[in-house]
Protein chains: 2
Amino acid sequence: MHSPVGIRDVAEHAGVSPGTVSNVLNRPEKVSAATRAKVEAAVRELGFVRHGSAATLRAGHSKTIGLSVIDIGNPFFTDVTAGVEEVASDLGYAVILSNSAGSRTKEERNLLVLAEQRVRGVLITPSDEDPTRLDRLRERGIMVVLVDHPAHRPDQCSVAVNDIAGGTTAVTHLRSGGATSIAYVTGPLTIRQCIDRRAGAERALGGAELRVIEMAAMTPRAGQQAAAKMIAEGDLPDAIFCANDLLALGMLRGLTHAGIRVPDDVALIGYDDIDFAAASAVSLTSIRQPTHQLGRVATELLLDECDHPDTHAHQQIMFQPELVIRESTR
Amino acid sequence: MHSPVGIRDVAEHAGVSPGTVSNVLNRPEKVSAATRAKVEAAVRELGFVRHGSAATLRAGHSKTIGLSVIDIGNPFFTDVTAGVEEVASDLGYAVILSNSAGSRTKEERNLLVLAEQRVRGVLITPSDEDPTRLDRLRERGIMVVLVDHPAHRPDQCSVAVNDIAGGTTAVTHLRSGGATSIAYVTGPLTIRQCIDRRAGAERALGGAELRVIEMAAMTPRAGQQAAAKMIAEGDLPDAIFCANDLLALGMLRGLTHAGIRVPDDVALIGYDDIDFAAASAVSLTSIRQPTHQLGRVATELLLDECDHPDTHAHQQIMFQPELVIRESTR
DNA sequence: CCACAACTTTGAAACGTTTTTCTAAGTCGG
DNA sequence: CCGACTTAGAAAAACGTTTCAAAGTTGTGG
C-alpha cells in the first residue's frame, strides 16, 4: 500500500546509524564524503521521502509558511502570491494559502489552522487594524510579516506601499485634468488601504469636499452597482477615483452601459494597475504598485527572520506607487 | 517565549488523562458531557492549540491537501483556487499551494515537498501527460484528483471541461461569421488543453487547414508577440482563435496597436471567459468554463475520497463549455 | 610508540499526539 | 443482591524523526 520506508530502513540499507542519515539530510557537511554517498544512494534506491511531520515535531519548527490574503480573486493579491510562492519554493518552503475573503471570522479560523500546522511564519494582509491576533501568533513563536500594511511598531517587519501618497497622486492628477467635483468609490472603510487612499485624496483636495461611496466589496460587480447608484441619484461628478481597478472596471462598464462617456463626461482612475487595466474598453489610468516585488520582499524578510533570527533586523519597507496615465483620464 | 502548552497540561488542568483530552478533541461523542465541558474550559483557559505535526505523525495522515497549478497568475487558475480554498477551509483542511509555472522540474520538486508534508491528497493540473509522478504519489497513499484534465483510467477522479467541444464551438462560431482562413494561437503544444482545443478546431474545419502559431507562454505578452509576428509575416487570417483569454487580450492589444480593427479586419475569440474578457477594449467573445465549480467539485471529490475511502466511487466528471458572444466577433 | 586533538559515527532519549488495551464504575434483569 | 453487560476514563505504547553526549577512529608531533 503506502511506503513505510523510514530513516532507519535507509540507515540499515546503507550500513550506518539513523543519526548519520539524519545528518546527511540536514547537515551534509558534517559527514564524510564516502558515507554521504552511501546514504544518498540508499535514499535513492529505497525511494525514501522524509516524514515532514516527524521532523517538525522533533525539531520544533516546520518548513512551511502561511499566507493570508483578503481576496484571492483579486489580481493584486494573485501577483503578490506569485511572488511569495517563487521565493518560498526556492528556499524549500511550502506555502499554505488562506483567503480571509474580508471576513474577520474566517481570517481567525484560518490563522488557527496555520498555528496548528506550526507554520514557521505568516505573511498576512490583515483585514483590520486589531493587532491582538497577530500578537498571539508571535507569542507562539510564529514570525509575522505584514504585507501591504505598514507596521506601527519597530519590532516587526512589514512591506507596504504608500497609499496616502497614491491617493494624493490620483486626485491631484484628476484635478490637473480640470475636475472640480470628485467622487471616491471605495470598499469597506474598515480596510486600511481604503482609508489611506481616501486620506490621500482629501489631502489633495485641500478642504474641498470628497464625495464618498462605500461599497461592501471591491469587485467589478460592486463597481457596476456603484455606477448604477450614482446614476440613479442623478448628479455625476466630474471625476471618479476608485479604490481599486476591479471597482474601476465595473464602474467603467456601468457608466458605458448607461451611455456616459469616459473620459469625456466623467474621468476615471483606478488603483493597482493590474494587467487588465491597460486592456479595458477605455484603457484605465491607474496607480501602479510593485505587487510582485511586494510578495518577494515580504517573503525574503520572513524567511530571513526564520533562518537567521539572531542577525535579523526588522524592517518596515514602504514602496512608492506610480501614476500610469491612460485614456480614462485624457 | 513560545507556548509549550500541550495536551498533557490541559489534561492536568482539567483533572483527566491526556487520552481523554484527545477524545474530546477528536471524538467528542465518546466522552461524557461533564468531562467534555471541563476539558473544553481548560483548553480555552490555557490557550491550547493542538500540535498538528504530532497528530499527523501518530495518526498517519494530515489535514492538508496540496494544490498544484500551472500558472497562478492566470485568472482561470485563480478562480479554481478560490473554489478549492472555499471547500477545503470549510472542512477544516489547509491548502498548500504550489505553482509549477509550466516547468516539469518545478512541478516535480513541488510534489516532493507535498509528499514530505504528507498531504492527504493532491489536486493537480498536470503540466504533461506522463502519469508516473502521480502513480508514485498514489503508491504513497496520497489521493490524487486531476483538475482540468480528464483521467484516462477508471481508478482515479478527475474534473475537466470538454476542450475538444470548446475548440469546435469556437471555430464553428468563427466560420458562421464568414471566416475562411483561421489561425490558432496557442501555448506549448505539450499542454493537453492546447492540444485538445486544436483538435476541436480542426474538427470544425473539416479538412481545411488551420494555421497554428505556437507560443512558449500563455500570457498577454505572448499574445502581443504573436500579433507582432503575424503582422510581420504579412498575411493575416480572417479570424483568430486564441487558446486562452490572456493570449487573446494580448493579441487584441497587438492588433489594435498596429491599426488592425477587431472584428472588422480580423475576428477574435478567446477561451476561459475570465472576468476581464468582458471589460476589454473590444469586449472579447470567449468560451466560458465553470472555473469556480471546477475547483469546488474537484475538492469535494478529493475530500470524499480522503474521509470515506470505502464508500468512495471514482468519478470522471466532464463539464461542457459555453460560447459567450461579444463584440470581437460581431 | 604514546598522548592528544580533530573529526566521524553511534545510540538513546526526546518531541506531542493518537490509539489500543484494560480497569473501574455503573446499570439492569432475574 | 449477584453476575452479565455497558460505559468512562486511565495508562502506556507507538509514530519517524532530530539531537546530543559519548564512543570510536584517524592523524600528528614529540
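Residues numbered from 1 in each chain as written. Chains lettered and ligands numbered in written order. Predicted model: local features only at pLDDT ≥ 70, side-chain atom pairs only at ≥ 80, totals over all residues. Heavy atoms only, no water.

Going by the annotation in an unreviewed UniProt entry, the name recorded for chain A is LacI family transcriptional regulator, with Acrocarpospora macrocephala given as the source organism.

Things to note about the overall build of chain A
Per the secondary structure count, chain A includes 12 helices and 12 strands. Overall size of chain A, expressed as C-alpha extent along the three principal axes, is 85 × 40 × 35 Å. For chain A, restricting intrachain contacts to residue pairs at least 6 apart in sequence, the fraction spanning at least 24 positions comes to 70%. Charge separation in chain A, taken as the distance between the mean sites of 33 positive and 41 negative side-chain charges, equals 5 Å. (Helix = DSSP H or I, 4+ residues; strand = E, 2+ residues; numbered from the N terminus. Contact = heavy atoms within 4.5 Å. Lys, Arg positive; Asp, Glu negative; His and termini not counted. Charge placed at Lys NZ, Arg CZ, Asp CG, Glu CD.)

Concerning the protein's contact with DNA strand C
Close to DNA strand C lie 23 residues; Thr20 and Arg58 of chain A together with Ile7, Ser22 and Arg27 of chain B are nearest. For DNA strand C, the fraction of protein-proximal atoms (within 4 Å) that sit in sugar or phosphate groups is 65%. The contact in question runs from a phosphate oxygen of DNA strand C to an N or O atom on the side chain of Thr35 of chain A, over 2.9 Å. In this structure, Ile7 of chain B approaches DNA strand C through a main-chain N or O atom, which is 2.6 Å from a phosphate oxygen. Of all the secondary-structure elements, those providing two or more residues to the surface near DNA strand C are helix H4 (52-59) of chain A together with helix H1 (7-14), helix H2 (18-26) and helix H4 (52-59) of chain B. It is H4 of chain B that contributes the most residues to the surface near DNA strand C, 5 residues altogether. Residues that form the surface near DNA strand C fall into these classes: 9 nonpolar, 9 polar and 5 charged. (Near = heavy atom within 4 Å. Polar contact = N/O pair within 3.5 Å; in protein donor to acceptor, adjacent residues only side chain to side chain. Nonpolar A, V, L, I, M, F, W, Y, C, P; charged D, E, K, R; others polar.)

What to know about the packing of aromatic side chains
In the structure shown here, the tally under the stated rule is 7 aromatic pairs over all chains. Ring geometry for Phe241 of chain A and Tyr271 of chain A: centres 6.3 Å apart, planes at 35 degrees, overall tilted. Here Phe241 of chain A is found in strand S8 (residues 239-242), whereas its partner Tyr271 of chain A is found in the loop between strand S9 (267-269) and strand S10 (286-288), with 30 residues between them in sequence. Exposure class is identical for Phe241 of chain A and Tyr271 of chain A. Each is buried. Both rings, one in Tyr184 of chain B and one in Phe241 of chain B, keep their centres 5.2 Å apart while their planes meet at 40 degrees; by these two values the pair is tilted. With Tyr184 of chain B in strand S6 (residues 182-186) and Phe241 of chain B in strand S8 (residues 239-242), this pair connects stretches of sequence that are 57 residues apart. Across the pair, Phe241 of chain B and Tyr184 of chain B agree in class, each one buried. Each residue in the set Tyr184, Phe241 and Tyr271 of chain A is aromatic and connected to the rest through ring pairs, giving one cluster. If you follow Arg197 of chain A out to its NZ or CZ, it ends over the ring of Tyr271 of chain A, 3.7 Å from the centre. (Phe/Tyr/Trp six-rings, centres within 6.5 Å; stacked < 30°, edge-to-face > 60°. Buried < 20%, exposed > 50% of the residue type's maximum accessible area, 1.4 Å probe, protein only. Lys NZ or Arg CZ within 6 Å of the ring centre and 35° of its normal.)

Overview of unusual backbone geometry
All names here are of chain A. Here the amide bond leading from Val262 into Pro263 is cis, since omega sits at 5 degrees, within 30 degrees of zero. As for its position among the elements, Pro263 is in the loop between helix H11 (245-257) and S9. Positive phi, close to 50 degrees, is recorded for Ala101, a residue that is not glycine. On the secondary structure map, Ala101 appears in the loop between strand S2 (94-99) and helix H6 (104-116). Phi at Asp272 takes a positive value of approximately 120 degrees, unusual for a residue other than glycine. Mapped onto the elements, Asp272 comes out in the loop between S9 and S10.

Re the sheet that holds strand S7 (residues 211-214) of chain A
Residues and elements named next belong to chain A. Within the open sheet, the 4 strands sit side by side as S7-S6-S8-S9. Their pairing is parallel. In the strand order of this sheet, the two ends are held by S7 and S9, each with one partner. Going from strand to strand, the sheet's axes swing by 20 degrees on average, the running direction of each strand aside. Here S8 pairs with S9 via 3 bridges, running parallel. When the bridges of S9 are listed, Ala239 appears paired with Ala267. Running at roughly 170 degrees to strand S6 (residues 182-186), helix H9 (residues 192-205) makes contact with S6, S7 and S8 of the sheet. This element, helix H10 (residues 220-233), spans S6, S7 and S8 of the sheet and lies at about 130 degrees to S7. (Pairing = 2+ DSSP bridges. Axes fitted to C-alpha atoms, helices over the stretch in contact; angles between N-to-C directions.)

Brief notes about helix H6 (residues 104-116) of chain B
Compared with the 18 Å implied by 1.5 Å per residue over 13 residues, the 18 Å span of H6 of chain B between its first and last C-alpha is a close match. Lys106, Glu107, Asn110, Leu111, Leu114, Ala115 and Glu116 of chain B are the residues of H6 of chain B that are buried. As for H6 of chain B, its buried residues are in contact with H4 and helix H5 (75-90) of chain A together with strand S1 (64-69), strand S2 (94-99), strand S3 (121-124) and helix H7 (132-139) of chain B. Backbone nitrogen of Thr105 of chain B and a side-chain oxygen of the N-cap are separated by 3.3 Å at the start of H6 of chain B; the cap is Ser103 of chain B. Directly after H6 of chain B, the chain includes Arg118 of chain B, whose backbone phi takes a positive value near 55 degrees. (Expected span 1.5 Å × (residues − 1).)

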